[in-house]
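For reference, the chains in residue letters:
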Amino acid sequence: MTYFIQQMLNGVCWGSILAMLGAGYTMTFGIIGLVNFAHGEIFMAGAFAAYFALHVAGLPFGVAAVLGILGAIAIGLLVERIAFRPVRGSGMITLFITSFAASIGIRTLFVMLFTDRAKPFSMPAFLKGAYLIGDLFIFKKTIAVVIVLVVVGALLMYLVKKTKTGIAMRAMSYDSETAQSMGINTEKIIIITFIIASALAGVAAIMWGVSYGRIRSSMGMMPVVDAFIASVIGGLGNVFGAIVGGLILGIGETLFVAYLPPELIGLRTLFVWIVLFIIIIVKPSGLFRANVK
Amino acid sequence: MSTELLLELSEVTAGYGKMPVLHGVSIKCHRGEIVTLLGANGVGKTTTLRTILGQLKPRDGEIKFNGADITRLPPHKTAALGVAHSPEGRNIFGNLTVIENLRAGAHLLKTRKELKEHLDRVYSMFPRLKERRTQIAGSLSGGEQQMLAMGRALMSNPRLMLLDEPSLGLAPQLVKLVADTLTEVNRTGTSVLLVEQNARLALEISRYGYVMEKGAIALEGNAKELGANEQVKKVYLGIA
């Protein structure tokens, strides 16, 4: 039992990263119908911005975290400008291809400039260490990541459910033309959606740095697939669903590996696909109603 | 009644792709009026409204609203000038609750106080919407959806409301509610451009009317005169 709970706690950080990435994913999909494959590179760019602030400029952790989020937003807006706006309204396949191209382009550029070697991402002192409760180790960084997830998740839900902008986003996701005739500036809503989704990727990037202590140019490749599956599990377009889906996937994957015989650990990535197939067969619309967010 | 010009279409030509639909349509609506646009299916009534809104860019002609040229304005800017739309088939946001639909309609309002004021006004016009305010709009009945579409358009306190087929598919007592509400809305200062198949209802509450045929205005006049016109009687009112 202790082993089980300990492993769950270990999975929480990974789950929170997937939750933040999945929430951003699901927003761009739900509101503008874009499956943004470059989301992983937006995430990676955020991690690099924070890394440079922390290790090159020597700025304090809090400032570096903010700069990481801003870096992610900058790359997110760039993706919107070059890979989405010129082809807006031209169908899912085109958007799929342009965002895929943006993903490869940005990743390759980073590999060229900074190689794909891991770079250290050192944790601030206040996040180091752990509490020992009974036989359980609870890391301070895990507590911090969970607090950030809850606060950011709550803010996001409030924004989407209660504010004027959130209502405009959801109205637009249902019927863009009618939303426009209410005076809703859909161009502006698209930009806001990209900013929020990218900021969430930035938050995920900081969580990643704190959890694993290193970053690299190709770090966005795998999480983005898992995060996409997390948002499918939660019902594409449903922010709350994506957060729950991310946690299920992250914790589930960690437990899966924990109970696998050591020689089969290579099957780790199989887990998300098993979950995806179960969801697609049992409840293809996801756990929560989509299109409502 | 004031006769200040609110909306003026002069010789507007518009269409979809290569297909022209409107061939030089000219319509005037004065402040405080209810003006009706009659015509059979497919003559361009909805296209006319879409062109005014800016959802469709005209090829030729000019549209003026409240003195300003709105010919090529995008829809959200036209809306900001005070033009609201209650579309044919209602187009309510089926994923939102009733109150969220109304709040979407109030997007242009600046303050919470205004929002509350207009919400109360719409609720008093359609008490049913208040009862159903937390219900998902997609699960409303057809009549309730029509009330919601009208209520949503009124939330912005528009100068002009474009109303497309409000009586379509409604039970007779609901048609009467729609007509009464329009008269009431008009009394509180909103002008209305009404597209309606139910010509009897439309001419009853309007001051002026246009009859469209094949993308052009075929006939126009005071509602009373139109109602007495032999051709209108025969074709649109079903009186031989």
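You'll find the structure just up there.
What counts and how
Residues numbered from 1 in each chain as written. Chains lettered and ligands numbered in written order. Predicted model: local features only at pLDDT ≥ 70, side-chain atom pairs only at ≥ 80, totals over all residues. Heavy atoms only, no water. Pairing = 2+ DSSP bridges. Helix = DSSP H or I, 4+ residues; strand = E, 2+ residues; numbered from the N terminus. Axes fitted to C-alpha atoms, helices over the stretch in contact; angles between N-to-C directions. Contact = heavy atoms within 4.5 Å. Buried area = accessible area lost by both parts, 1.4 Å probe. Salt bridge = Lys/Arg side-chain N within 4 Å of Asp/Glu carboxyl O. 1 Å grid on protein atoms, 1.4 Å probe; cavity = no way out; pocket = protein on both sides within 12 Å on 5 of 7 lines; lining within 4 Å. Points joined across faces, edges and corners; volume = space filled by probe spheres on them. Nonpolar A, V, L, I, M, F, W, Y, C, P; charged D, E, K, R; others polar. Core = buried A, V, L, I, M, F, W, Y, C linked by side-chain atoms within 4.5 Å. Buried < 20%, exposed > 50% of the residue type's maximum accessible area, 1.4 Å probe, protein only. Polar contact = N/O pair within 3.5 Å; in protein donor to acceptor, adjacent residues only side chain to side chain. Parallel < 35°, antiparallel > 145°, perpendicular 65-115°, else oblique. Left-handed = near helix turned anticlockwise from the far one by under 90°. Patch = residues over 30% accessible without salt bridge, like charges linked within 9 Å, V, L, I, M, F, W, Y side chains within 5 Å. Areas by Shrake-Rupley, 256 points an atom, 1.4 Å probe, with all protein chains shown as cover.

Draft legend 1. Structural view of the sheet that holds strand β7 (residues 160-164) of chain B. Residues and elements named next belong to chain B. Taken in spatial order, the 6 strands make up an open sheet running β6-β7-β8-β3-β9-β10, and their pairing is mixed. The sheet is open, and its two borders are formed by β6 (83-86) and β10 (216-222), each paired with just one other strand. Averaged over all neighbouring strand pairs, the angle between strand axes comes to 15 degrees, with direction disregarded. Looking at chain direction, strand β3 (residues 34-38) and strand β9 (residues 208-213) are connected through 4 bridges and run parallel. By the bridge assignment for β9, V35 is matched with Y208. Across the sheet, helix α7 (residues 172-187) is in contact with β3, β7 and β8 (191-195); its angle to β8 comes to roughly 150 degrees.

Draft legend 2. Summary view of the interface of chain A and chain B. Each partner contributes residues to the interface: chain A has 22 residues there, and chain B has 22 residues. Around 2100 Å² of area is buried between chain A and chain B when both sides are counted, 57% of it from carbon and sulfur atoms. On the chain A side of the interface with chain B, the three residues burying the most area are K164, I167 and M182 of chain A, jointly 30% of the side's total. Where chain A touches chain B, the interface holds 2 salt bridges.

Draft legend 3. Local environment of the layout of surface pockets. Residues and elements named next belong to chain A. By volume, the largest pocket amounts to about 500 Å³. In terms of lining residues, the largest pocket is bounded by 15 residues, among which W14, W208, Y212, M222 and R268 are the most central. Contributions of two or more residues to the lining of the largest pocket are made by α8 (186-212), β4 (214-215) and α9 (221-233). For the lining of the largest pocket, the leading source of residues is α9, giving 4 residues. Residues belonging to the lining of the largest pocket are distributed by class as follows: 8 nonpolar, 2 polar and 5 charged.

Draft legend 4. How the structure looks around the side chain of S103 of chain A. Counting through the fold element by element, S103 of chain A comes out in helix α4 (residues 92-114). Sequence-distant contacts of S103 of chain A, that is, excluding residues within four places in its chain, are made with F37, A38 and E41 of chain A.

Draft legend 5. Representation of the nonpolar core in the model. Formed by 88 residues in total, the largest nonpolar core has its most connected members in M27, F43 and L249 of chain A. With residues near it in sequence (within four places) discarded, F43 of chain A still touches I17, L21, A201, A204, A205, W208, M219, G220 and P223 of chain A. Within the second largest apolar cluster, 45 residues are counted, among which are A106, L170, V178 and L203 of chain B.

Draft legend 6. Highlighting the side chain of N36 of chain A. When you line up the elements, N36 of chain A lands in the loop between α1 (2-32) and α2 (39-56). Polar side-chain contacts of N36 of chain A include one of 3.1 Å to the backbone nitrogen of A38 of chain A.

Draft legend 7. Seen up close, the sheet that holds strand β5 (residues 68-69) of chain B. All names here are of chain B. Across the sheet, which stays open at both edges, the 4 strands sit in the order β2-β1-β4-β5 with antiparallel pairing between neighbours. Looking at which strands have only one partner, the edges of the open sheet turn out to be β2 (19-30) and β5. Set on the sheet, helix α1 (residues 45-53) makes contact with β1 (5-16), β2 and β4 (60-65); between it and β1 the angle comes to about 110 degrees.

Draft legend 8. Looking closely at empty space enclosed by the protein. If you walk through the whole model with that rule in mind, you get 2 cavities of 30 Å³ or more. Approximately 50 Å³ is the volume attributed to the largest cavity. For the largest cavity, the full set of lining residues is S181 and M182 of chain A together with A79, V83, A84, H85, G105, L108, R152, A153 and S156 of chain B. Only β6 and α6 (142-154) of chain B provide two or more residues apiece to the lining of the largest cavity. The dominant element in the lining of the largest cavity, judged by the number of residues it contributes, is β6 of chain B, at 3 residues. Classifying every residue of the lining of the largest cavity by side-chain character gives 6 nonpolar, 4 polar and 1 charged. Considering only enclosed or pocket space, the second largest cavity measures out at about 30 Å³ in volume. For the lining of the second largest cavity, the elements supplying multiple residues, two or more each, are β9, β10 and α10 (230-235) of chain B.

Draft legend 9. Seen up close, the pairing of β2 of chain B. In the sheet, β1 of chain B pairs with β2 of chain B via 9 bridges, with the strands oriented antiparallel. Across the sheet, residue L7 of chain B finds its bridge partner in β2 of chain B, namely C29 of chain B.

Draft legend 10. Spotlight on the packing of α2 of chain A against α4 of chain A. All names here are of chain A. It is the contact of α2 with α4, at a shortest axis distance of 9 Å, that shows an interaxial angle of 30 degrees. Considered as vectors, α2 and α4 are oriented roughly parallel to each other. Crossing of α2 over α4 shows left-handed handedness. Every residue of α4 that contacts α2 at E41, M44, A45, F48 and F52 is listed here: S103, I106, R107, F110 and F114.

Draft legend 11. Region of the structure containing a nonpolar patch on the surface. Nonpolar side chains collect at one region of the surface, where L264, L267, L270, W273, I274, F277, I278, I281 and V282 of chain A lie side by side and expose about 860 Å² of accessible area between them. Residue position: F277 of chain A is located in helix α11 (residues 270-282).

Draft legend 12. Representation of the packing of α2 of chain A against α8 of chain A within the structure. Residues and elements named next belong to chain A. Closest axis-to-axis distance for the α2/α8 pair is 8 Å, and the angle between their directions is 55 degrees. With respect to each other, α2 and α8 are oriented oblique. Where α2 crosses over α8, the handedness of that crossing is right-handed. Contact residues: α2 offers H39, I42, F43, G46, A47 and A50, while α8 offers A197, S198, A201, A204, A205, I206 and W208. Looking at side-chain class alone, the contact of α2 with α8 contains 10 nonpolar, 3 polar and no charged residues.

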